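One-letter residues, chain by chain:
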Amino acid sequence: MPLEVNELKNDLQFEKPILELRQKIDELKKFTSEKEIDLTDEITKLEERARALELDIYGNLSPWQKTQIARHSMRPTTLDYISEIFDDFIELHGDRSFADDPAIVGGIAFLNGRPVTVIGHQKGKDTKENIARNFGMPHPEGYRKALRLMKQAEKFNRPIICFIDTPGAYPGKAAEERGQGEAIAKNLFEMAGFKVPIISIVTGEGGSGGALALGVADRIFMLENSIYSVISPEGAAALLWKDSGLAQKAAETMKITAKDLYQFKIIDGIIEEPLGGAHKDLPHTAINIKKSIEATLVELLAKSDGDLVKDRYTKYKDIGCYQ
């Protein structure tokens, strides 16, 4: 789906040539309808040029440009994907210890008639929503809520589907006082031993331990324009070169894109996005995600409980190489 002119307010710098050309095409179409002058040939040529420009720009995105798309303010959230992919979703709240964390949502839903547990980071689409969701950065109670729902899923033999999209766990003083590190570590430990299938999909940013806390899965997929890293490009630049302004340079060297991580065998597959990013066509993106989940569940549900845990252990043991 081509970029719409009304998206100018949400455009990225590298998209401006496309948006300006699309705007010119719209102006010619309006002029044609009002003045009854036939400019079909000119419009057709510009349409072809715009399409070629889109293919050229979006087909050769740099890691930093993919990072910008992954962080796009209109990129679909976990709740967007849940409404498109699953039926009868019931959101469950609270960690039964401190509070409910709106930066992580989770609950029970149906996938083609099969009950599943769905959990994911939740960002907002505007400033008000992002403040309410803490910009998708969970507190410890968010991870404890997620773990409570995963344990419930194992008890009732429901597959677990996780959507990852966070800059990282919230690093504030209150979060640390309530055991942020312990909460993340507990999720990693417990997820490694669950006897039900776990599928994780990185839909936007996969940042640090905040992402890993939902990422110990039998299969990990990434959307084409998502990123997955131990630290943000800004954080890496600040640590390595004492200048967060060198984030673009860091992104180029960190190997954080889906293509890089697939080559390193850290993830199991890349899910295609529409041209320009998932926010250009949510239904199309959701269909692609659903197909990946369906095919993977068929494979994982055929395994015994013991084989699931054993294969999950082997998967993570084999990541990386030693010299």
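Numbers given for residues are sequential positions, taken from 1 along each chain in its written order. With pLDDT at 70 or above as the cut-off, local features in this predicted model cover only qualifying residues; side-chain atom pairs require 80 or more to be listed or tallied, and sums for whole chains, interfaces and linings still use all residues. Side-chain metrics rest on all non-hydrogen atoms present in the structure, leaving aside hydrogens and water.

The chain appears in an unreviewed UniProt entry as Acetyl-coenzyme A carboxylase carboxyl transferase subunit alpha from Desulfuribacillus alkaliarsenatis. UniProt positions are given in the numbering used here, feature names are shortened, and annotations may be inferred rather than shown by experiment. Turning to the chain, the UniProt annotation filed under Subcellular location (unreviewed entry) states: "Cytoplasm". Turning to the chain, the UniProt record has this under Function (unreviewed entry): "Component of the acetyl coenzyme A carboxylase (ACC) complex. First, biotin carboxylase catalyzes the carboxylation of biotin on its carrier protein (BCCP) and then the CO(2) group is transferred by the carboxyltransferase to acetyl-CoA to form malonyl-CoA."

J.: Explanation requested: the overall build of the chain in the structure shown.
T.: A tally of helices and strands in the chain yields 14 helices and 8 strands. Atoms considered for the radius of gyration are the C-alpha atoms alone. The globule rule reads 2.2 Å times the number of residues to the power 0.38. In terms of overall dimensions, the chain is globule-like: its C-alpha atoms have a radius of gyration of 21 Å, near the 20 Å expected for 323 residues. Each principal axis of the C-alpha atoms in the chain carries an extent, and together these give about 70 × 50 × 45 Å. The contacts of the chain with a sequence gap of at least 6 include a subset with a gap of at least 24, amounting to 71%. Here the accessible surface of atoms and residues is derived via Shrake-Rupley with a 1.4 Å probe, and residues count as covered only by protein chains that are part of the display. Summing over all exposed atoms, the chain offers an accessible surface of approximately 15800 Å²; the carbon and sulfur share of this is 54%. A run of H or I in DSSP counts as a helix once it spans at least four residues, and a run of E counts as a strand once it spans at least two, with each numbered from the N terminus. Contacts were defined at the residue level, with two residues in contact if any of their heavy atoms lie within 4.5 Å.

J.: Would you explain the UniProt feature "domain: CoA carboxyltransferase C-terminal" (unreviewed entry) in the chain in this entry?
T.: Per the UniProt entry, the sites bearing "domain: CoA carboxyltransferase C-terminal" (unreviewed entry) are residues 45-299 in this numbering. Overall, residues 45-299 shows 46% helix and 19% strand. The separation of its end C-alpha atoms is 47 Å.

J.: Where do I start with the pattern of salt bridges in this structure?
T.: By definition here, a salt bridge exists when the distance from a side-chain nitrogen of Lys or Arg to a carboxyl oxygen of Asp or Glu is within 4 Å. Tallying each qualifying case throughout the model produces 19 salt bridges. Glu177 serves as the salt-bridge partner of Lys173, at 2.5 Å between the closest nitrogen and oxygen. Of this pair, Lys173 and Glu177 both sit in helix 7 (residues 173-177), 4 residues apart, which is roughly one turn of that helix. Here Lys173 and Glu177 have matching classes, each one exposed. Residues participating in the shared-partner salt-bridge network are Arg71, Lys123, Asp165, Glu205 and Glu234. Relative accessibility thresholds used throughout: buried, under 20% of the residue-type maximum; exposed, over 50%; partly exposed, between the two (1.4 Å probe, protein chains only).

J.: How should I be thinking about the environment of Leu79 in this particular structure?
T.: Summarising the element assignment, Leu79 is placed in helix 4 (residues 78-85). Taking C-alpha positions, Leu79 is 16 Å from Ile160, a pair spaced 81 residues apart along the chain.

J.: Could you clarify how one ought to interpret the environment of Lys315 in this entry?
T.: In this structure, Lys315 sits in helix 14 (residues 305-317). Between the C-alpha atoms of Lys315 and Gln23, which are 292 residues apart in sequence, the distance is 49 Å. Discounting chain neighbours no more than four positions away, the residues touching Lys315 are Ala217, Asp218, Ile220, Ile266 and Asp268. Counted as a polar contact is a pair of N or O atoms within 3.5 Å, where, for protein atoms, one must be capable of donating a hydrogen and the other of accepting one, and residues adjacent in sequence contribute only when both atoms are in side chains. Separated by 2.7 Å, the side chains of Lys315 and Asp268 make a polar contact.

J.: In this structure, what is going on with helix 13 (residues 282-301)? I would like to understand it.
T.: Three or four residues apart is the spacing at which side chains of an α-helix point the same way, because the helix has 3.6 residues per turn. Expected span of a helix, by definition, is 1.5 Å for each gap between consecutive residues, and there is one gap fewer than residues. With 20 residues, helix 13 should cover 28 Å at 1.5 Å per step; its first-to-last C-alpha distance of 28 Å lies within 8% of that length. Those residues of helix 13 that sit buried are Thr285, Ala286, Asn288, Ile289, Ser292, Ile293, Thr296, Leu297 and Leu300. The arc that holds every buried residue of helix 13, seen down its axis, measures 165 degrees, which confines them to one face. Structural note: helix 13 exposes Lys291, Ala295 and Val298 on the side pointing more than 90 degrees away from its buried face. Measuring from the backbone nitrogen of His284 back to the side-chain oxygen at the start of helix 13 gives 3.2 Å, which picks out Asp281 as the cap. Working note: the arc is built from the helix axis to C-beta atom directions.

J.: Looking at this model, I keep getting lost on helix 6 (residues 140-155). Mind explaining?
T.: If you check helix 6, its first and last C-alpha atoms are 23 Å apart, about what 16 residues at 1.5 Å a residue would give, namely 22 Å. Of the residues making up helix 6, those classed as buried are Pro140, Glu141, Gly142, Tyr143, Lys145, Ala146, Leu147, Arg148, Leu149, Met150 and Ala153. Looking at the buried positions of helix 6, the neighbouring elements they touch are strand 2 (104-111), strand 3 (114-121), strand 4 (160-166), helix 7, helix 8 (180-193) and helix 9 (208-212). One or two residues past the end of helix 6 sits Asn157, with phi positive at roughly 60 degrees.

J.: Help me out: how do you make sense of unusual backbone geometry in this one?
T.: In terms of backbone geometry, most residues other than glycine have negative phi values and most peptide bonds are trans. The residue Asp88 is not glycine, and still its phi comes out positive at about 55 degrees. Within the secondary structure, Asp88 is located in strand 1 (residues 87-91). Positive phi, close to 60 degrees, is recorded for Lys242, a residue that is not glycine. Residue placement: Lys242 occurs in the loop between helix 10 (233-241) and helix 11 (247-254).

J.: What is the right way to read the nonpolar core from this model?
T.: Side chains of nonpolar character tend, in soluble globular proteins, to be buried together. Within the largest apolar cluster, 30 residues are counted, with the highest numbers of intra-cluster contacts made by Ile119, Met150, Ile160, Phe194 and Tyr228. Elements supplying a minimum of two residues to this core: helix 6, strand 4, helix 8, strand 5 (198-207), strand 6 (219-223) and helix 12 (258-263). It is helix 6 that provides the largest number of residues to this core, a total of 6 residues. Aside from chain neighbours lying at most four places away, what touches Met150 is Ile119, Ile160, Asn187, Met191, Phe194, Ala213 and Leu214. For this analysis, a nonpolar core means a set of buried residues of the types Ala, Val, Leu, Ile, Met, Phe, Trp, Tyr and Cys, connected via side-chain atoms within 4.5 Å. Judged by nonpolar contacts, the second largest core, of 22 residues, contains Tyr81, Ile161, Ala286 and Leu297.

J.: Looking at this structure, I do not really get the packing of helix 6 against helix 8. What am I missing?
T.: Packing of helix 6 against helix 8 leaves a shortest axis separation of 9 Å and a crossing angle of 20 degrees. By the angle class used here, helix 6 and helix 8 are roughly parallel. The chirality of how helix 6 crosses helix 8 is left-handed. Residues Pro140, Tyr143, Arg144, Ala146, Leu147, Met150, Lys151 and Glu154 of helix 6 pack against Gln180, Glu182, Ala183, Ile184, Lys186, Asn187, Glu190, Met191 and Gly193 of helix 8. In this analysis, axes come from line fits to C-alpha atoms, helices being fitted only over the stretch in contact, and the angle between any two N-to-C directions falls in the range 0 to 180 degrees. In these notes the angle categories are as follows: under 35 degrees is roughly parallel, over 145 is roughly antiparallel, 65 to 115 is roughly perpendicular, and the rest is oblique. By definition, turning the near helix anticlockwise from the far helix through less than a right angle yields a left-handed crossing, and turning it clockwise yields a right-handed one.

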